[in-house]
Amino acid sequence: MRSGTSSSERVRQWFYPAILKKNFARFWPLWLGWGLVWFLLVVPRIFSYPDNRWYSPSSDAYPRTLILDIIISYGPWMAALFGILAAMVLFSYLCNHRSAGFFHALPVRREGLFFTNYLSGLLFLFVPLAAVAGLAGLAELWVTSGFDFPSLFLLVFCVGAMGFFFYSFAVFCAMFTGHILALPAFYGILNGLIWAIFALFYELCHQFLYGYTADGLMDEIVLWFTPLLNLYSKLGYDDEYHLTGLFPIFVYAFVGLILTALALVAYRRRRIESAGDVISISWVRPIFKYGVALCAGVVLGTGTWALFFDGSHQNPTLLALCVLLWGGAGYFVSEMLLRKSFRVFRAGWKGAVLSMAVLGLLCGALIFDLTGYESRVPQADAVTSVELRIFSYPNDFASASSVSLTEPEHIAAAVALHQSIVDQREILRKSDGNEYSISTTSTGVPYATEDIFYTEFTYHLTNGGTLSRHYSLLPVSDALLADPSSLCAQLTALVNQPEVLVRYYAALDAGTLSGAYLETQSEWSDSEQQYVSLEEAGRLLEAVQSDLEAGRIGRRFLLHSLERLETCYSTDLVFFLRTDPSEESRTVSVTLQTTARDTLAVLEELGLASQLRLLSDPSFPASE
């Protein structure tokens, strides 16, 4: 009687049913557990429909929103978990000398062995999902007398496509290691490696380069290399219960095909004797060693510096030293893993020195700003607009909003301010800004005399590019504000020009007015609100816009100073504006100020001015 894998015809096959049956019989806990978990996630919740009618505005939409929520909430991480578990069990024979020798001694093709095990994993993935979808459909018929095929199809398709990618990625990782415990470690690390390196590299640049801020385009690129984060950030559904964010699923499914092909190529060249090795392919070993050194230097070096030396911003050399030492240590650890021995110092010291040299060059380039990043300020005539962001008082709509400057004189003022910061960077980077200092009025109301502020510049250049810088811990005080050449005085003068104030509150012109109310902050209770009629709201809006154009309202303060206390009221005027009839109204708040002549006149006519209280007034309106 011939063996199921011993004939010459079988040797030429790309798929072996006997091995497939053996996989189903041997690894039944995986596919059965996968199906059982999804059954418990979906079917019992459908049967709970009579007790959850409030879940969605439409009773017919309940099963659909339920399935979509389950896909979004559980799909990505469940698919990622299945991928590594399936790869570990189906390709575990590659991590044991006896099993690897046995399977590869059989008269079967490597390609056939690979595809049979790989397709076993896909069947483990899709067959239980299809069964759960069928049972969920029967549950829907029982509970709602309806059958929502699109949502059930999406359950199988989306979770299956995500599982296909993660499983293919895990199989790809399995081809490069012969150690069963190294496989989940590599899989987990590679899934988040780019994000972690970028985050820590950002921290290095933030510490070494004054004014450094991350590039938004780079953030998006890093997100694509972090599948779990990307899927969770993109997946959702709209008001009509249509699943959105499907594009990443198609992209990752296509990448899964590429990874499968690469895994097959690696499998064909893999040495059977590598079972038990951390890295099974020789040319990957140098990449592994120097990769571990780089990651250890950046991750552990930054972590050590933050844990034991945080606050030593004045001495970037200390951070660089931590990075270099951990880089060398990481190289020796990688050598130990590859050689399976602690005696690696004599053979590995050259690689450790090279790793430390590369990290030293990186840190040196950042410390000495060899690229000129810190001193780079664009010419005013090369800028089309500047987005300026600060945190300022009062705490209304404009307090943390950015303002777009397009007028040539405003762009020139922003560039001049930026240049002043760059010129003073050596002084500014060595201090943590002024200490927070407070004083009190004669009536006991506290105010600040010293503090810090931040500002952020985003230039849109004539060549189509952008340039961004962020500066924090900048000092502000009464004395500095009185000096026109100080940074805080320059910034205050720029943002308080009437044309700029109008841009801060440009949202007042961006919709149809639908209402307004006065909101007064109380010291002893929640804020009090007094609504006005739509006609009164229109008059108030016209008055506010008139005061903004004249620079009499909306004035920004970098310091919670005595001048702010004597200028600002404890009452905000809040407008409801609707840009689309189908959407909710947007609120825009404007803090009332003593200089707002037209607005105060309208409030006086409406009999509402009597309730206004300055921030310097210790008496607040009592709550009812």
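In this convention, every chain numbers its residues from 1, walking through the sequence in written order. In keeping with the predicted nature of the model, local features appear solely for residues at pLDDT of at least 70, side-chain atom pairs appear and are counted solely at 80 or more, and the whole-chain, interface and lining totals rest on all residues. Calculated side-chain values reflect all of the structure's heavy atoms, with hydrogen atoms and water omitted.

## Points about the overall build of the protein
Then step 1. Segments assigned H or I by DSSP are reported as helices when at least four residues long, segments assigned E as strands when at least two residues long, and all are numbered from the N terminus. For the protein, the count of helices and strands is 22 helices and 11 strands.
Then step 2. Over its C-alpha atoms the protein spans a radius of gyration of 32 Å, topping by over 25% the 25 Å that the globule rule assigns to 624 residues.
Then step 3. With 624 residues in all, the protein has 46% of them scored as buried.
Then step 4. A separation threshold of at least 6 residues defines the contact pool for the protein, and within that pool the share at least 24 residues apart is 73%.
Then step 5. The protein chains shown are the only cover counted for residues, whose accessible areas, like all others here, come from Shrake-Rupley with a 1.4 Å probe. Of the roughly 30,300 Å² of accessible surface on the protein, a fraction of 62% belongs to carbon and sulfur atoms. Atoms counted for the radius of gyration: C-alpha only. Globule rule: 2.2 Å times residue count to the power 0.38. The classification of residues rests on relative accessible area computed with a 1.4 Å probe and restricted to protein chains. Under 20% of the type maximum is buried, over 50% is exposed, and intermediate values are partly exposed. Every residue pair with non-hydrogen atoms within 4.5 Å of one another is taken to be in contact.

## Some points on the packing of helix 12 (residues 284–308) against helix 13 (residues 316–339)
Then step 1. Contact geometry of helix 12 with helix 13 gives a least axis separation of 6 Å together with a crossing angle of 140 degrees. The orientation of helix 12 relative to helix 13 falls into the category oblique. Relative to helix 13, helix 12 is oriented so that their crossing is right-handed.
Then step 2. Considering only residue class, the contact of helix 12 with helix 13 consists of 16 nonpolar, 7 polar and 3 charged. Only the stretch in contact is used when fitting a helix axis, every axis being a line fitted to C-alpha atoms; angles between N-to-C directions are given from 0 to 180 degrees. Orientation is classified from the angle alone, with under 35 degrees giving roughly parallel, over 145 giving roughly antiparallel, 65 to 115 giving roughly perpendicular, and any other angle giving oblique. For a crossing to be left-handed, the near helix must be turned anticlockwise from the far one by less than a right angle; the clockwise case is right-handed. In this count, Pro and Cys sit with the nonpolar residues alongside Ala, Val, Leu, Ile, Met, Phe, Trp and Tyr, while Asp, Glu, Lys and Arg are called charged and the others, Gly among them, polar.

## A short note on unusual backbone geometry
Then step 1. A cis amide bond links Tyr-393 to the next residue, Pro-394, at an omega of 0 degrees.
Then step 2. Positionally, Pro-394 belongs in the loop between strand 3 (383–390) and strand 4 (402–405).
Then step 3. Notably, Asp-369 is not glycine yet its phi reads approximately 50 degrees, a positive angle.
Then step 4. Of note, Leu-473 is a non-glycine position whose phi angle comes to about 60 degrees, a positive value.
Then step 5. According to the relative accessible area criterion, Leu-473 is partly exposed, its value standing at 35%.

## A word on the pairing of strand 7 (residues 466–477)
Successive side chains on a regular strand alternate, one facing one side of the sheet and the next facing the other.
Then step 1. The pairing criterion for strands is at least two bridges between them, as found by DSSP. In this structure, strand 6 (residues 446–461) lies alongside strand 7, joined through 10 bridges in antiparallel fashion. Counterpart to Tyr-459 in the pairing with strand 7 is Leu-467.
Then step 2. Linking two consecutive strands that pair antiparallel, namely strand 6 and strand 7, is a turn of 4 residues; a positive phi of about 95 degrees is found at Gly-464 within it.

## Notes on the nonpolar core
Then step 1. Among the nonpolar cores identified, the biggest contains 83 residues, and Trp-38, Val-42, Phe-91, Phe-114, Val-171 and Met-175 are the most heavily contacted of them.
Then step 2. When residues of this core are traced back to their parent elements, those giving at least two are helix 3 (28–47), helix 4 (62–90), helix 6 (110–144), helix 7 (149–174), helix 8 (182–208), helix 11 (247–269) and helix 12.
Then step 3. Of all the elements, helix 7 adds the most residues to this core, at 18 residues.
Then step 4. The contacts of Val-171, once residues within four sequence positions are left out, are Ala-87, Phe-91, Phe-114, Tyr-118 and Ala-263.
Then step 5. One finds Val-422, Phe-457, Ala-507 and Leu-600 within the second-largest nonpolar core, a separate group that totals 63 residues. Within this scheme, the nonpolar core is defined by two criteria: the residues are buried Ala, Val, Leu, Ile, Met, Phe, Trp, Tyr or Cys, and they are joined through side-chain atoms within 4.5 Å.

## Observations concerning the side chain of Ser-420
Then step 1. Mapped onto the secondary structure, Ser-420 falls in helix 15 (residues 408–423).
Then step 2. In this structure Ser-420 comes out as buried when scored by relative accessible area, which is 16%.

## Regarding helix 3
Then step 1. Expected span of a helix, by definition, is 1.5 Å for each gap between consecutive residues, and there is one gap fewer than residues. Helix length check: helix 3 (20 residues) gives 28 Å between terminal C-alpha atoms against 28 Å at 1.5 Å per residue, within 8%.
Then step 2. All of the buried residues along helix 3 are Leu-30, Trp-34, Gly-35, Trp-38, Leu-41, Val-42, Val-43 and Ile-46.

## Overview of the confidence of the model for the protein
Then step 1. Residues of the protein with pLDDT of at least 70 account for 91%, and the chain-wide mean is 85.
Then step 2. Residue range residues 1–11 is modelled with pLDDT below 50. Its contacts to residues more than four positions away, or to other chains, number 15 contacts.
Then step 3. With pLDDT under 50 throughout, residues 52–59 is counted as low confidence; its partners more than four residues away or in other chains account for 11 contacts. pLDDT measures how confident the predictor is about each residue, on a scale from 0 to 100.

## What about the pattern of salt bridges?
Then step 1. A pairing counts as a salt bridge when a side-chain nitrogen of Lys or Arg comes within 4 Å of a carboxyl oxygen of Asp or Glu. For the structure shown, the criterion picks out 11 salt bridges.
Then step 2. Of the charged contacts, one joins Arg-425 and Glu-374 as a salt bridge, the two residues approaching to 3.3 Å between their closest N and O atoms. Residue Arg-425 is located in helix 16 (residues 425–429), and its partner Glu-374 is located in the loop between helix 14 (345–367) and strand 3; the two are separated by 51 residues in the primary sequence.
Then step 3. We note a salt bridge from Glu-563 to Arg-555, for which the minimum N-O separation is 2.8 Å.
Then step 4. Through salt bridges with shared partners, one network takes in Asp-547, Arg-552, Arg-597 and Asp-598.

## Thoughts on the layout of surface pockets
Then step 1. As a volume, the largest pocket reaches approximately 1,100 Å³.
Then step 2. Cavity means a closed set of points on a 1 Å grid over the protein atoms alone, one where a 1.4 Å probe fits but cannot get out, pocket means an open set with protein on both sides within 12 Å along at least 5 of 7 lines, and lining means a residue has an atom within 4 Å of a point. Along its surface, the largest pocket is lined by 31 residues, and Phe-169, Phe-186, Ile-189, Leu-190 and Leu-193 are the ones closest to its centre.
Then step 3. Counting residues per element, the ones that place at least two in the lining of the largest pocket are helix 7, helix 8, helix 11 and helix 12.
Then step 4. At 9 residues, the largest contribution of residues to the lining of the largest pocket is made by helix 12.
Then step 5. Residue composition of the lining of the largest pocket, grouped by class: 29 nonpolar, 2 polar and no charged. Grid points are joined across faces, edges and corners, and a volume is the space filled by probe spheres set on the points.

## Quick word on the environment of Val-333
Then step 1. Structurally, Val-333 can be placed in helix 13.
Then step 2. Taking the C-alpha atoms as reference, Val-333 lies 9.7 Å from Ala-296; in sequence the two are 37 residues apart.

## Here we look at the packing of aromatic side chains
Then step 1. In this scheme Phe, Tyr and Trp rings, the latter by its six-membered ring, pair at centre separations within 6.5 Å, and the angle between planes marks the pair as stacked below 30 degrees, edge-to-face above 60, and tilted otherwise. Within the structure shown, the criterion is met by 32 aromatic pairs.
Then step 2. The interplanar angle of 35 degrees and the centroid separation of 5.8 Å between the aromatic rings of Phe-114 and Tyr-267 together place this pair among those described as tilted. Highlighted residues: Phe-114 in helix 6 and Tyr-267 in helix 11, separated in sequence by 153 residues. With respect to class, Phe-114 is no different from Tyr-267; both count as buried.
Then step 3. Considering the side-chain rings of Phe-153 and Phe-157, the 5.9 Å spacing of their centres and the 10 degrees angle between planes classify their relative orientation as stacked. Here Phe-153 pairs with Phe-157, and both are found in helix 7, just 4 residues apart, close to one helical turn.
Then step 4. Pairwise contacts between aromatic rings join Phe-91, Tyr-93, Phe-114, Phe-115, Tyr-118, Tyr-167 and Tyr-267 into one cluster.

## Here's the deal with the pairing of strand 8 (residues 512–520)
Then step 1. Counting buried positions along strand 8 gives 7 out of 9 residues, so the element sits mostly inside the fold.
Then step 2. Bridge analysis of strand 8 against strand 10 (residues 568–578) gives 8 bridges, and the strand direction is antiparallel. Directly across from Tyr-517, in strand 10, lies its bridge partner Val-574.
Then step 3. Where strand 8 lies against strand 9 (residues 528–532), 5 bridges are found, and the strand directions are antiparallel. Looking at the pairing, Tyr-517 lines up with Tyr-531 of strand 9.

## What about helix 7?
Then step 1. The end-to-end C-alpha separation of helix 7 is 36 Å, in line with the 38 Å expected for 26 residues at 1.5 Å each.
Then step 2. Within helix 7, 22 of the 26 residues are buried, leaving the element largely enclosed by the surrounding structure.

## Here's the deal with the packing of helix 13 against helix 14
Then step 1. Two elements in contact, helix 13 and helix 14, have axes whose closest approach is 8 Å; the angle formed by their N-to-C orientations is 150 degrees. Between helix 13 and helix 14, the crossing angle belongs to the class labelled roughly antiparallel. Our pair here, helix 13 against helix 14, has a crossing hand that is right-handed. Of the residues in helix 14, those in contact with Pro-316, Ala-320, Val-323, Leu-324, Gly-327, Gly-328, Tyr-331, Phe-332, Glu-335, Met-336 and Arg-339 of helix 13 are Phe-345, Ala-347, Gly-348, Trp-349, Gly-351, Ala-352, Ser-355, Met-356, Leu-359, Gly-360, Cys-363 and Ile-367.
Then step 2. In terms of residue class, the contact of helix 13 with helix 14 is made up of 15 nonpolar, 6 polar and 2 charged.

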